[in-house]
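Read off the chains here:
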Amino acid sequence: MHDDPRFGFDETYLKEYRPLVAFAQRLGASPGDAEDAAQEAFLSLHIAWSRVGNPAGWLRTVVAREVRQSRRTPRRWPLTGAERSRHDAEPDWRDDALDLLRRLPWPERAAMAWEMDGYSVAETAELTGMTEVEVRRARRRGSAKLKRLIKEH
Amino acid sequence: MDASTETDAVLRAVRERQHQELEARIDVAARLDDFKARLDTGWWDDLQGCRGRLITEAAGRLSPSPGDAAGYRGTAERLVDRSFREALDHLPELHRLPPAKREQWLLVRTLEQVLDEVRERTSALIPRTKRA
């Protein structure tokens, strides 16, 4: 059950929607797919609301499963027309950095995406079904590969 | 700056960039209005309608003979409840399926649970058989 009944579904939506889309993009989803995955996750949450004790973690678990099922291999972020224009007009190295993150293999990319949202090793393990050892290993390897990619870039 | 600090700085910058980009691009209040306007959870309510059929099917599979199925309804209900709880973790996937496939998804999960239950019971019987 939800700990605080005053903190309702709408508040969760308003607070978590953008971070959830950002999380999906870090996992490799395009902007459009990330929003679709977020909307689907909120639909699921709406149905399961009374049984979910940790909505933010639960939403990320659903989104991660969605992104993983729809994209078996990391792909470059296909920008929409408007985003492409803005990207070309205002090139930002941080877009390239996001792209580097999404070149990591799945377990490492996922572990780092959870870490970037402030989830501890124990929380990540509980929510993803990985062991704590696997989460630590994925974070360590992901970080090492990212360093290498940054140097090469 | 060492490599680790440099990576942390890059990740922080990515997070900040995403925050700025999504803040500018996404009107969350409008998304919530749209979400509510299109909210359709009727398919999940409809799916509850197949619970009885699943329980009957599971009880029949659990029972060694057709006449004993009624005695297995309690176990069957527990297994079907577990299938529905599992379904909650796969709602987006179920949402995309046509209605008949959704019921089939639950039937497959339930039959897997029945199989596990039968295996557990069978393995629990083996030592007693050996002792006899």
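Just so you know, these numbers come straight off a predicted model, no measurement behind them. Residue indices follow the written sequence of each chain, beginning from 1 at its first position. Note on labels: chains are lettered from A, ligands numbered from 1, in written order. Note on the predicted model: pLDDT of at least 70 is required for a residue's local features to be given, and 80 or more for side-chain atom pairs to be given and counted; whole-chain, interface and lining totals, by contrast, use all residues.

**Side note on the overall build of chain A**
Selection criterion: Helical segments are the DSSP runs of H or I of at least four residues, strand segments are the runs of E of at least two, and each set is numbered from the N terminus. Backbone-placed C-beta atoms define the burial measure: a residue is buried with 20 or more other C-beta atoms within 10 Å of its own, exposed with 12 or fewer, and partly exposed in between. Each residue is represented by a C-beta atom placed from its backbone, and any two residues with such atoms within 7 Å are regarded as in contact.
Scanning chain A from N- to C-terminus turns up eight helices and zero strands. Reading the secondary structure of chain A in the N-to-C direction produces α-α-α-α-α-α-α-α. Burial statistics for chain A: of 153 residues in total, 33% are counted as buried. By sequence separation, contacts in chain A at least 24 residues apart represent 68% of the contacts at least 6 residues apart.

**Describing the overall build of chain B**
Our working definition: The quantity called the radius of gyration is restricted to C-alpha atoms. Its globule counterpart is 2.2 Å times the number of residues to the power 0.38.
The helix and strand inventory of chain B stands at seven helices and zero strands. Helices (α) and strands (β) of chain B occur, in sequence order from the N terminus, as α-α-α-α-α-α-α. Scaling as 2.2 N^0.38, a compact globule of 132 residues should have a C-alpha radius of gyration of about 14 Å, whereas chain B reaches 24 Å, well beyond that. Viewed in the frame of its principal axes, chain B has a C-alpha envelope of about 75 × 45 × 20 Å. Among the 132 residues that make up chain B, the fraction classed as buried is 18%. Taking contacts inside chain B between residues at least 6 apart in sequence as the whole, the part at least 24 apart equals 55%.

**Some details on the packing of helix α1 (residues 9-26) of chain A against helix α2 (residues 31-48) of chain A**
All names here are of chain A. So the rule is basically this: Simply put, an axis is a line fit to the C-alpha atoms, just over the touching stretch for a helix, and the angle between two N-to-C directions goes from 0 to 180 degrees. For any helix crossing, the convention is left-handed if the near helix is rotated counterclockwise from the far helix by under a right angle, and right-handed if that rotation is clockwise. Each residue is assigned to one of three groups, with Ala, Val, Leu, Ile, Met, Phe, Trp, Tyr, Cys and Pro labelled nonpolar, Asp, Glu, Lys and Arg labelled charged, and all others, Gly among them, labelled polar.
Contact pair α1 / α2: the axes reach a minimum separation of 9 Å and the direction vectors enclose 145°. The handedness of the crossing between α1 and α2 is right-handed. Side by side, α1 and α2 meet where F9, Y13, Y17, L20, V21, A24 and Q25 of the first sit next to P31, A34, E35, A37, A38, A41, F42 and H46 of the second. Tallied by class, residues from the contact of α1 with α2 come to 12 nonpolar, two polar and one charged.

**Re the interface of chain B and chain A**
In this assembly, 25 residues from chain B lie in contact with 31 residues from chain A. Elements represented by at least two residues in the side of chain B that touches chain A include exactly α1 (3-25), α2 (28-38) and α6 (91-96) of chain B. For the side of chain B that touches chain A, the element with the most residues is α1 of chain B, which contributes 12 residues.

**Some words on the UniProt feature "domain: RNA polymerase sigma factor 70 region 4 type" (unreviewed entry) in chain A**
Put simply, the rule reads: UniProt positions are given in the numbering used here, feature names are shortened, and annotations may be inferred rather than shown by experiment.
Those places that UniProt annotates as "domain: RNA polymerase sigma factor 70 region 4 type" (unreviewed entry) correspond, in this numbering, to residues 97-146 of chain A. Measuring from the first to the last C-alpha atom of residues 97-146 of chain A gives 9 Å, for a span that is 78% helix and 0% strand.

**Considerations on the nonpolar core**
Where we set the bar: The nonpolar core criterion groups buried Ala, Val, Leu, Ile, Met, Phe, Trp, Tyr and Cys residues into a set whenever they are joined through C-beta atoms within 7 Å.
Of all hydrophobic cores here, the largest spans 42 residues; its most connected members are L20, A24, A38, A41 and V63 of chain A. Sorting the residues of this core by element identifies α1, α2, α3 (55-70), α5 (93-101), α6 (106-116) and α8 (132-152) of chain A together with α1 and α6 of chain B as the ones contributing at least two each. With eight residues, α2 of chain A is the largest single contributor of residues to this core. Among all residues touching A41 of chain A, those that are not within four sequence positions of it are L20, L59, V62 and V63 of chain A together with P92 of chain B. Core analysis: the next-biggest nonpolar cluster, separate from the first, contains 11 residues, L54, A58, Y72 and L106 of chain B among them.

**Here's the deal with the domain arrangement of chain A**
Residues and elements named next belong to chain A. The criterion, for reference: Segment limits for the domains were obtained from an automatic or database-derived domain assignment.
Taken domain by domain, chain A comprises domain 1 (1-73) and domain 2 (90-153). Every contact between the two is made by 11 residues of domain 1 and, on the other side, 12 residues of domain 2. Examining the composition of the side of domain 1 that touches domain 2, we find that five residues originate from one element, α3, more than from any other. A class-by-class count of the residues in the side of domain 1 that touches domain 2 yields four nonpolar, four polar and three charged.

**A closer look at the environment of E23 of chain B**
All names here are of chain B. Topologically, E23 is positioned in helix α1. Residue E23 is classed as exposed on the basis of its C-beta count, with 11 C-beta atoms lying within 10 Å. The spatial distance from the C-alpha of E23 to the C-alpha of D34 is 18 Å, given a sequence separation of 11 residues.

**Describing the environment of Q113 of chain B**
All names here are of chain B. Along the chain, the position of Q113 falls in helix α7 (residues 99-131). For Q113, a count of 22 C-beta atoms within 10 Å translates into the label buried. The spacing of Q113 and L97 is 16 residues in sequence and 22 Å in space, taken between C-alpha atoms. Discounting residues that sit within four places of it in the chain, Q113 has contacts with L79, R82 and S83.

**Side note on α3 of chain A**
The following threshold applies: To estimate the expected span of a helix, subtract one from its residue number and multiply by 1.5 Å.
Its 16 residues give α3 of chain A an end-to-end C-alpha distance of 22 Å, which sits within 8% of 22 Å, the value for a rise of 1.5 Å per residue. Buried within α3 of chain A we find P55, W58, L59, R60, V62, V63, A64, E66 and V67 of chain A. Buried residues in α3 of chain A make contact with α1, α2, α6 and α7 (121-128) of chain A together with α6 of chain B.

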